[in-house]
Amino acid sequence: MVFRIRRTSIPDVLVCLKDEFGIAIDSVRTDSIGKYAFVKLNPTHKYSIAFKYLQDYSYTLKDASGFEQTDSDVNKTGETDIFTPAMGNNMHVDAGLFLNCNISLASLKTLPMEFECYSGGVQSIRATAIGTHQHPVDYVVKYLLVTGVTQKISEISDSPEFEIDRAGVYNIYALCFEELQSGFNFLDLSILIPGTTTLVDLGNLILREQKCASISAKGVSFVVDECIGIRGLVWRDANKNGIQDLGEQGFKDYLVYLTDISRKIIDSIKTDFNGHYFFEKKTPALEYRIFLSPMAGYVFSKKGSGNMPDVDSDVDSSGWSELLSLREEGRQKLMQEFMKSVWQKLLIYMIYLCLLRVTQKSGSRQICLEWY
């Protein structure tokens, strides 16, 4: 007497043969194509068959078609009714199973990037999962690097870290699927064409082929702009007109601060011999301010004197600039034409204060002007 599981491809499933009292008397495992067999059974005895529970699977409806050769013969617990083998005939006892497609992908968040903007070469963008991915046994989670507004899939990786070699808009998504070719829900990712296949294409493929697979509902976004530089000049305004005139000298070693929108300091630098400073590799995705701490004996020039933005001063009487922003419409054009050499001039009007010191000499008063 031969019993076998048919039309499935679940290997290594434990199948137990029981007597009429529910005591196991034999067991086998399904082969590579899901088949099993019990032989030389006594046609005068009564038996039942039980299939071991498989994690993440459920047994399908028993006797659904009414045709013994094509339907499932086990109940919801994976056991058959008690039966007596027929003399001289092989019996087919089949068990149909379906995967409980319960996939819960953890949310993704960005990790601190190794850079704030793209400044050339190869740089990394990274994400991490908040919590744990929940998925069936034998399923894997891979990560997709998606680029541009059209959401084209450019790379698939085992980790949520990718290298990029240009500025752009990037997203990282998690993809959970069955990678085993022998599995019911095997998803063949070799058909994806990097840089051509979109996230929507992949979603449609999963739906069309009714695969148990899932893409995270929300990806992590990275807007990686070309880096900008913020330049400026701190200079002594000898004639006090608030304009950088020919021959007026720069102020060496003046400490200049770069802050964020909330005035939190994020960088600082001292001016060079000629009074120039330069903050490199800053992202235009943020807004900045320039701040100079007032120096004893000096005051700042009037801001915007003469309405000459290329040569006048850009800080107020406290040493603060206005917000420096490239978020407005047309930012990309500005980045191309202007980012590499953004001049934020800090033309400081330094009024030399003098201290009057009165001394007595030869009976006359001498007024001595000393630079403070």
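Residues numbered from 1 in each chain as written. Predicted model: local features only at pLDDT ≥ 70, side-chain atom pairs only at ≥ 80, totals over all residues. Heavy atoms only, no water.

**Describing the pattern of salt bridges**
Now for step 1: In total, this model carries eight salt bridges according to the counting rule given.
Now for step 2: A salt bridge links Lys18 to Glu79; the nearest nitrogen and oxygen atoms lie 3.5 Å apart. Placement of the pair is Lys18 in strand β1 (residues 14–19) and Glu79 in the loop between β4 (57–59) and β5 (97–99), with a sequence separation of 61 residues.
Now for step 3: Lys142 is paired through a salt bridge with Asp158; the nearest N and O atoms lie 2.3 Å apart. Taken together, the positions of Lys142 in strand β8 (residues 139–147) and Asp158 in the loop between β9 (152–157) and β10 (161–164) put the pair 16 residues apart, joining distant regions of the chain.
Now for step 4: For Lys142, a relative accessible area of 14% puts it in the buried group.
Now for step 5: Members of the salt-bridge network, linked through shared partners, are Lys142, Asp158 and Glu179. (Salt bridge = Lys/Arg side-chain N within 4 Å of Asp/Glu carboxyl O. Helix = DSSP H or I, 4+ residues; strand = E, 2+ residues; numbered from the N terminus. Buried < 20%, exposed > 50% of the residue type's maximum accessible area, 1.4 Å probe, protein only.)

**Looking at a nonpolar patch on the surface**
Now for step 1: A surface patch of nonpolar side chains, amounting to about 350 Å² of accessible area, comprises Phe21, Ile23 and Ile25.
Now for step 2: Overall, the relative accessible area of 67% leaves Phe21 in the exposed class. (Patch = residues over 30% accessible without salt bridge, like charges linked within 9 Å, V, L, I, M, F, W, Y side chains within 5 Å. Areas by Shrake-Rupley, 256 points an atom, 1.4 Å probe, with all protein chains shown as cover.)

**Points about the pairing of β9**
Now for step 1: Where β8 and β9 come together, five bridges link them in antiparallel fashion. Each bridged residue has a counterpart across the sheet, and for Thr147 the counterpart in β9 is Lys152. (Pairing = 2+ DSSP bridges.)

**Notes on unusual backbone geometry**
Now for step 1: For Gln210, which is not glycine, the phi dihedral falls at a positive 50 degrees.
Now for step 2: Structurally, Gln210 can be placed in the loop between α1 (199–208) and β12 (214–215).
Now for step 3: Phi is positive for Lys240, which is not a glycine, with a value near 60 degrees.

**As for the environment of Leu199**
Now for step 1: Structurally, Leu199 can be placed in helix α1.
Now for step 2: Separated by 26 residues in sequence, Leu199 and Tyr173 place their C-alpha atoms 9.3 Å apart.
Now for step 3: Leave out the neighbours within four places in its chain, and Leu199 touches Leu144, Val146, Gln151, Ile153, Tyr173 and Ile215. (Contact = heavy atoms within 4.5 Å.)

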